[in-house]
Amino acid sequence: MEIIEKAPAKLNLSLDTPFRHPDGEPEWKMVMIAVDLADYVTVKTIPQSRKITVQTNSGFLPCDKRNLAYQAALYLQSKFDINEGVAISIQKNIPVAAGMGGGSADAAAVLRALNRAWQLGLSKAELAQIGLQIDSDVPFCIYSEPALVTGRGEVITPLDTLPPMWIVIAKPKDSVSTPSILRQIVEENIDHQDVDAVVSALKTKDYLALARHAGNALEGLTSQKHPEISRIKEKCLKFGADFAQMSGTGPTVFGVSQKHSRAQHIYNSLRGFCNEVYLVRPIQLS
């Protein structure tokens, strides 16, 4: 059986980490959305084989056990003792090491596809619990809809549809190591965010309140080593974004506008400073 899954990128409208668990893992409190910049993952099951292969159009991705899509297939195959192999092909459009959850989106796509192909009957919540074993962004990527994300990343509370908005995404040349940023977090020193205010703004579709309260507690930390983040954010605001911030652990920055014409102006202006610039809208996987 062959299944093609869309694997949308994610952005953090609000990101906070209130405390660290005893095992060192951060507790998360975030509002996340999916956008229509996506990888496409083809998953083919291979009878009479247990071999897992990954191929991709990107030279930057490992295709072995380090690849999260590979890990997702291996986890399900082992957990349910499936005697079939899996061939995974990833058409990569999401920038790598960008704070946009590309690898997690691919892993989530593999979990969704194999859940169907192997008729496992797992709910989204059950797939999210499995996804957490692979990476903390995989549970959200299973859902790929506006959501409050808490716990270690596995507690997904879907939110209503968003107020209309256009988003300009700019990825600097720098790549950021998420584990290295997470190791540097000192909860007392970061700029904690009012995530509840963002949730409330989305529930009431209050765009102005969203623009006031959106933010990322890790932005200051990553910006110290990657000043390009602050420069791109300033340009987003100068060119007309209603608000702008870093996504995830960075270095990707996005600016938001209610007007398509203004978003187009921001997009055109940023292309002079950044090679990777995208104009997108939020989406929701059905």
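Throughout this document, residue positions are counted from 1 along each chain, in the order its sequence is written. Given that the model is predicted, a residue must reach a pLDDT of at least 70 before its local features are reported, and side-chain atom pairs must reach 80 or more before they are shown or counted; all residues, however, enter totals for whole chains, interfaces and linings. Each side-chain value is worked out from all heavy atoms of the structure, with water and hydrogens disregarded.

Peer 1: Just give me the short version of the pattern of salt bridges, but keep the residues and values in it.
Peer 2: By salt bridge we mean one thing: a side-chain nitrogen of Lys or Arg within 4 Å of a carboxyl oxygen of Asp or Glu. One pass over the full model with this rule turns up 14 salt bridges. Between Arg20 and Glu187 there is a salt bridge whose closest N-O contact spans 3.9 Å. Highlighted residues: Arg20 in the loop between β1 (2-16) and β2 (28-47) and Glu187 in the loop between α5 (178-184) and α6 (195-203), separated in sequence by 167 residues. The partner of Lys124 in a salt bridge is Glu145, and the shortest N-O contact between them spans 3.8 Å. Of this pair, Lys124 sits in helix α3 (residues 124-132) while Glu145 sits in the loop between α4 (138-143) and β5 (147-151), and the two are 21 residues apart along the sequence. Classification of Lys124 by relative accessible area gives partly exposed; the value is 35%. Each of Glu5, Arg112 and Arg116 takes part in a single network of salt bridges with overlapping partners. To qualify as a helix, a DSSP run of H or I must reach at least 4 residues; to qualify as a strand, a run of E must reach at least 2; elements of each kind are numbered from the N terminus. Each residue is placed in one exposure class: buried if its accessible area under a 1.4 Å probe, protein chains only, is under 20% of its type's maximum, exposed if it is over 50%, and partly exposed if it falls in between.

Peer 1: So, the UniProt feature "binding site: ATP" (unreviewed entry) in the chain: which residues are in play, and what are the values?
Peer 2: In this structure's numbering, the residues bearing the UniProt feature "binding site: ATP" (unreviewed entry) are Pro95, Val96, Ala97, Ala98, Gly99, Met100, Gly101, Gly102, Gly103, Ser104 and Ala105. Mapped onto the secondary structure, Met100 falls in the loop between β4 (84-91) and α2 (102-117). Since its relative accessible area comes to 1%, Met100 is described here as buried. Position of Ser104 relative to the elements: it lies in helix α2. UniProt positions are given in the numbering used here, feature names are shortened, and annotations may be inferred rather than shown by experiment.

Peer 1: Talk me through the nonpolar core; I want residue IDs and the actual numbers.
Peer 2: Throughout, nonpolar core names a set of buried Ala, Val, Leu, Ile, Met, Phe, Trp, Tyr and Cys residues whose side chains join them through atoms within 4.5 Å. Ile88, Ile167 and Leu210 are the most contacted members of the largest nonpolar core, which totals 101 residues. Examining the composition of this core, we find that 10 residues originate from one element, β2, more than from any other. When residues of this core are assigned to domains, at least three fall in each of domain 1 (2-158) and domain 2 (166-283). Note on contacts: a residue pair qualifies if any of its non-hydrogen atoms lie within 4.5 Å across the two residues. With near-sequence residues (within four places) excluded, Ile88 lies in contact with Val41, Thr42, Ile52, Thr53, Val54, Gln55, Ala69, Tyr70, Ala73 and Val110. By convention here, the domain bounds are inherited from an automatic or database domain assignment.

Peer 1: Residue-level account of the pairing of β1, with values.
Peer 2: Burial within β1 is extensive, with 12 of its 15 residues counted as buried. Note: β1 against β2, 14 bridges, orientation antiparallel. Following the sheet pairing, Leu15 is matched in β2 by Met30. If DSSP finds at least two bridges between two strands, the strands pair. Relative to strand β8 (residues 215-216), β1 runs parallel, the two being bridged by two bridges. The residue of β8 that forms the bridge with Leu15 is Asn216.

Peer 1: Please give an account of the pairing of strand β6 (residues 155-158) that cites residues and values.
Peer 2: Examined bridge by bridge, β5 and β6 share four bridges and lie antiparallel to one another. Note on β6: the bridge partner recorded for Leu148 is Thr157. Turn length for the β5-β6 hairpin, with the two strands adjacent in sequence and antiparallel, is three residues, and the turn residue Gly153 shows positive phi of about 120°.

Peer 1: An account of the UniProt feature "domain: GHMP kinase N-terminal" (unreviewed entry) in the chain is requested, with residue identities and associated values reported.
Peer 2: Feature annotation in UniProt places "domain: GHMP kinase N-terminal" (unreviewed entry) on residues 67-144, given in this structure's numbering. Measuring from the first to the last C-alpha atom of residues 67-144 gives 20 Å, for a span that is 55% helix and 10% strand.

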